[in-house]
Amino acid sequence: MPRIEPRSFLRFIVDEWPLIEAIYERTQTGPLRAQTLFDLADMSKTPNVMQRLIDMGVVVQLPHSPSFEMGDFVQDIIADLKKEHTLGLALEIRVYLEDLNRHTRQIVAALEEKDLEKLHRHAVALDSRIKTILRHLHNNTAAVDEIVLRAKTRRTYVPARQRYGEVLEAWESYVEPLREMVEPSGPFEALFERIERELAHATRKLAKLSGAIKERRIFDVLVYRLVQLRSQLKIHLTLTAERLLPLVREVRRNSAVARGATIALQRIRRDGFFVAPIPEWLPVQRKVAPNAVSAEEHIEAYVADISKFKPKPQRLITSGSLRAQSPRRIDPERVLGQLRDDLPVEDLLDWLIGNYDRTVDLDDLLDLYFMVRDQGKGLETVPDGRHWYETRTHRIEAPTLRVDRIGGRRKKR
Amino acid sequence: MKIELEDLPKLKELFQTLQSGYHLSNEDFGLYHELQDKEGYYEALFRELGYTLKADQRGYYYFLPEPQVAMNVTTRRMALLVFVLIEYLADEGMDPYTGIARGNFSMTQITSGLFSKHADILRDGGLDSPESIEKSILNNFVGLGFATVNGDELRFRPPVNRFLDVCLELGRARVTEENDSKTEAAGGAVTAEEPDGN
C-alpha cells in the first residue's frame, strides 16, 4: 500500500466523517459486500469516493472475496474518536503472542541459512506483530474503561448482576485468562525469555554478517519493542483489574449476602428463633442479662426456655424415699424428754408444730405425733375432737390430743 | 500512658452510651469525633474498666460483647429482620448489600412488604404485624444506633454491617464448601479464588 500523507488522511476523515462512521457501524457486524459499500458511498458528494476510500486504506478488500472490511488502523482511530472500543478476547492476545515465537524461530532459521531476505521479512513481521499486540492492549484498556463507565452510569435500580453483566463478562473471559497467561509462573514469561535470548543471539550473529546493517537496526528496535510489550502487558493487566475489581467485588458481595441470609433463615426455620446459632461476636448489647426477670425480652427468653424444656423421667418422691434422702434430724427420745418437761400439754400437735415445725418435715412431724399417740411411752393422752393445724408447708386436719400424765403420774407442778 | 480526666469531658456520656449497647457512628457527630480524636485514651481507659472498645474501619464504635454472653432477644430479632430484609430485596431483584448499606427505604412500604412475604418467620420472632416491625426498628435499630428514621424514611447506618457480615461469612463459607467439593470432584484441580479480599 502506498504511503499515505497524514494530513491528507486526516482531512479526508473530517470531510467524509458521515460516510466513514456509517462504514464503521456496518463493519461491526461483519465484512461489507461491494454493493453495500457502493450504496453507502452514495452518501458522499465527493467524486470517485470509493477509490479514495481504498487509496486511503479506510477499506480493504478481503483476499479472494468481493467483500470489504475497514482497515485495522482506521478502525482503531474511529473507535478512539467515538469512544467505542470493543473488548477483544484473551485468546486473541494468546494467538498473537504465540505468533511471536513462530517468527522468532523463522529468524533463527534464516540466520542459519544466511538468507537475508527471509530474515528481513520475518523481522518486519515480528515488529508488526508486536505493534499489533500493543494496539490491541491499548484498545482493550479503553474498552474496559468504557465498560466500567457504562456500568457505573446505568440506573441503580437495575440489579448489580445485570447492571454489571458486561463487567463480569470482561472479568471472567478476559482479565482472568490473561492473568493466568502472563503471571510470572505462566507460559508466556518463559516464552518472552526465550524470544529475548534468541534475538540477542541473532543480534550477535548478525554483527558478524557483512551487509546486514539494516537488519541489525531492525533487531535493535525489536529488542526494545519486546521489552516494551512485556511491561505494557503487565501495566494493562494491572489497570484493567484495578478498574473492574471493585465492581466485580460488589456483585459478588451482593450474591454472598443474599446466599448467607437464605442459609441463616433456613437455620432459624429448622431450629427455631431462639435456638438457631448466631456468631458469638454478634450480640449488640454487652451487659449480661440480670437474674431477675424484669424486662419484656427476658420474659420472652424465659418463656422460650420453658417451651424448650424437656423433663427428664424421674421416680416419684415418696414419703419413704424422702426419709431416706433426709435422715430424721430429731431424736424421738429427746422429743419425749422435752414433752415430759412441758406436761401437761393441752394440744400435742400444736406443741410439736410450735417446737419442731422449722426443723423437721411434715412427714417427721406426723411420725412424732403418731408415735406419742400409739406407744405413749408412759404418757397418757386424751382425745379432744379434731382441729385444723397450720405448718410452714401445709394445712392439715387431725385429732387433738391432750397429754397430761407421765407413767400414770401427773407431773408435779 | 497518662490520662488526664479533664481532657476527656465526654467520658461519662460516652461510657453510658456505649455501655447501653449503642453503636456510635459518624452521624453521632459530637461523641463520634470525640472518640475518634482520642481513641487511644478512651480505649485504654475502658479496658481498665473491663470493656473492650471495638473500632470498625467502616466508621463505627461499640463495646465488644463479653465472652459467652447470652444471645439476647434484641440481637436475635434484629438479625432476623436484616436476614428477612436481604431475602426480600433479593426476591425483588434488588442488590441486598448495596441497598441496605447505602439505600433509603419507605418505612411503611418496607414493613408491610416484609410482613406480607415473611409473616411466618417474623411471627416466630415475636413480630406479628407491620406495626410491630416498625416498633422493633425504632426501638432496636434506631435506639442502638443502627438506623436513622426521618419521617417515613428509613436509612441504615454503618453498624448494620455487623449483621451483613454474618451473611457474608455464611455465604462465603458455602462458596468455599462448594469449591472444595468441586476441587475434590476434579481430582484436586485448583479453582479461582474469590477476588474480594474483605
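As the structure is a prediction and not an experimental result, all values here were calculated from the model.

Each value, and the rule that gives it
Residues numbered from 1 in each chain as written. Chains lettered and ligands numbered in written order. Predicted model: local features only at pLDDT ≥ 70, side-chain atom pairs only at ≥ 80, totals over all residues. Heavy atoms only, no water. Helix = DSSP H or I, 4+ residues; strand = E, 2+ residues; numbered from the N terminus. Contact = heavy atoms within 4.5 Å. Areas by Shrake-Rupley, 256 points an atom, 1.4 Å probe, with all protein chains shown as cover. Buried < 20%, exposed > 50% of the residue type's maximum accessible area, 1.4 Å probe, protein only. Pairing = 2+ DSSP bridges. Salt bridge = Lys/Arg side-chain N within 4 Å of Asp/Glu carboxyl O. Arc of directions from axis to C-beta. Axes fitted to C-alpha atoms, helices over the stretch in contact; angles between N-to-C directions. Parallel < 35°, antiparallel > 145°, perpendicular 65-115°, else oblique. Left-handed = near helix turned anticlockwise from the far one by under 90°. Nonpolar A, V, L, I, M, F, W, Y, C, P; charged D, E, K, R; others polar.

### Examining the overall build of chain B
Piece 1. On a plain count of helices and strands, chain B comes out with eight helices and six strands.
Piece 2. Element order for chain B, N to C, with α for helix and β for strand: α-β-α-α-β-β-α-α-β-α-α-β-β-α.
Piece 3. Of all intrachain contacts in chain B linking residues separated by at least 6 positions in sequence, the fraction that spans at least 24 positions is 63%.
Piece 4. Accessible area of chain B: about 9700 Å², with a carbon and sulfur share of 47%.

### Quick look at the overall build of chain A
Piece 1. Helix and strand counts for chain A come out as 16 helices and five strands.
Piece 2. For chain A, the residues scored as buried account for 41% of the 413 residues in total.
Piece 3. Of all intrachain contacts in chain A linking residues separated by at least 6 positions in sequence, the fraction that spans at least 24 positions is 68%.
Piece 4. Per element, the accessible surface of chain A, about 24500 Å² overall, is 53% carbon and sulfur.

### Quick look at the pairing of strand S6 (residues 153-156) of chain B
Residue and element names in this part refer to chain B.
Piece 1. Burial along S6 is one-sided: the face carrying Leu154 and Phe156 is buried and the face carrying Glu153 and Arg155 is not.
Piece 2. Pairing of strand S4 (residues 104-106) with S6 involves three bridges; the strand directions are antiparallel. By the bridge assignment, Ser106 is partnered in S6 with Glu153.
Piece 3. Summarising the sheet, strand S5 (residues 147-150) and S6 pair through four bridges and their orientation is antiparallel. Bridge pairing in S6 links Val149 to Leu154.
Piece 4. In textbook terms, the turn of a hairpin is the stretch between consecutive antiparallel strands, and for S5 and S6 this stretch comprises two residues, one of which, Gly151, has a positive phi near 65°.

### A closer look at unusual backbone geometry
Residues and elements named next belong to chain A.
Piece 1. In this model, Asn48 sits at a positive phi of 60°, which is unusual for a non-glycine residue.
Piece 2. Within the secondary structure, Asn48 is located in the loop between helix H3 (34-41) and helix H4 (49-55).
Piece 3. We classify Asn48 as exposed; its relative accessible area is 57%.
Piece 4. With a phi angle near 55°, Lys114 is a residue other than glycine that sits in the positive phi range.
Piece 5. Assignment of secondary structure puts Lys114 in the loop between helix H6 (90-113) and helix H7 (116-153).

### Observations regarding the sheet that holds strand S2 (residues 53-56) of chain B
The strands making up a sheet are joined through hydrogen bonds of the backbone, oriented either antiparallel or parallel.
All names here are of chain B.
Piece 1. Spatial ordering of the open sheet is given by S1-S3-S2, a layout of three strands whose pairing is antiparallel. Each edge of the open sheet is held by one strand with a lone partner, namely strand S1 (24-25) and S2.
Piece 2. Across four bridges, the pairing between S2 and strand S3 (residues 60-63) is antiparallel. When the sheet's bridge partners are listed, Asp56 is paired in S3 with Tyr60.

### As for the pattern of salt bridges
Residues and elements named next belong to chain A.
Piece 1. Evaluated as defined, the whole model comprises 25 salt bridges over all chains.
Piece 2. The shortest N-O distance in the salt bridge between Arg225 and Asp127 comes to 2.4 Å. Linking Arg225 in helix H11 (residues 213-271) with Asp127 in helix H7, this pair joins segments that are 98 residues apart in sequence.
Piece 3. Glu172 serves as the salt-bridge partner of Arg252, at 3.9 Å between the closest nitrogen and oxygen.

### Let's talk about the environment of Arg252 of chain A
Piece 1. With respect to the helices, strands and loops of the structure, Arg252 of chain A is situated in helix H11.
Piece 2. Counting along the chain gives 84 residues from Arg252 of chain A to Leu168 of chain A, while the straight-line C-alpha distance between them is 9.7 Å.

### Section: helix H2 (residues 29-37) of chain B
Side chains of residues three or four places apart in an α-helix project in the same direction, reflecting 3.6 residues per turn.
Residue and element names in this part refer to chain B.
Piece 1. Those residues of H2 that fall on the buried side of the exposure criterion are Leu31, Tyr32, Glu34 and Leu35. Projected onto a plane normal to the axis of H2, the buried residues spread over an arc of 165° and lie on a single side. Of the exposed residues in H2, the ones pointing more than 90 degrees away from its buried face are Phe29 and Asp37.

### Remarks on the packing of helix H4 (residues 73-91) of chain B against helix H6 (residues 107-124) of chain B
Residue and element names in this part refer to chain B.
Piece 1. Contact geometry of H4 with H6 gives a least axis separation of 10 Å together with a crossing angle of 110°. Classed by the angle they form, the pair H4 and H6 counts as roughly perpendicular. Between H4 and H6 the crossing geometry is right-handed. Residues Leu80, Leu81, Val84, Leu85, Glu87, Tyr88 and Asp91 of H4 pack against Ile110, Gly113, Leu114, Lys117, His118, Ile121 and Leu122 of H6.
Piece 2. Taken together, the residues that form the contact of H4 with H6 break down as nine nonpolar, two polar and three charged.

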